[in-house]
Amino acid sequence: MATRYTDEFRRDAVRIATTSGLTRPQAASDLGVGLSTLNKWVQKHQYDDLMSGPHEDVEKENERLRKEVRLLREEREVLKKAAIFFAGQSR
């Protein structure tokens, strides 16, 4: 018997397949659906507005994530410099 998926699951699967940066086979495997099934969903919904709904929340989340990425990059640079410093001290 074929598995029935909800419309919400299909929309989320299409969004993941098209925006996550994963290849379609990876996305299909992660979601537990067949590659051909996912491809059919993407083809069917390629012109749908996947971002329907309030865009303000997405923009706020993007800004928060950009700040977090900036902070993490700064922290990584500090740790790199500290590692170089301490590697030179141990000699």
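What counts and what doesn't
- Residues numbered from 1 in each chain as written.
- Predicted model: local features only at pLDDT ≥ 70, side-chain atom pairs only at ≥ 80, totals over all residues.
- Heavy atoms only, no water.
- Buried < 20%, exposed > 50% of the residue type's maximum accessible area, 1.4 Å probe, protein only.
- Helix = DSSP H or I, 4+ residues; strand = E, 2+ residues; numbered from the N terminus.
- Arc of directions from axis to C-beta.
- Contact = heavy atoms within 4.5 Å.
- Core = buried A, V, L, I, M, F, W, Y, C linked by side-chain atoms within 4.5 Å.

Details of helix α3 (residues 35-45)
Inference 1: Of the residues making up α3, those classed as buried are Leu38, Trp41, Val42 and His45. The arc enclosing the buried residues of α3, seen along the axis, measures out at 100 degrees, which places them on a common side. In α3, those exposed residues whose orientation departs by more than 90 degrees from the buried face are Lys40, Gln43 and Lys44.
Inference 2: In this fold, the buried residues of α3 make contact with α1 (7-19) and α2 (24-31).

Quick notes on the nonpolar core
Inference 1: Counting residues in hydrophobic clusters, the biggest one holds nine residues: Ala13, Val14, Ala17, Ala27, Ala28, Val33, Leu38, Trp41 and Val42.
Inference 2: Contributions of two or more residues to this core are made by α1, α2 and α3.
Inference 3: In this structure Val42 touches Val14, Ala17, Thr18 and Arg24, once residues within four positions along its chain are discounted.

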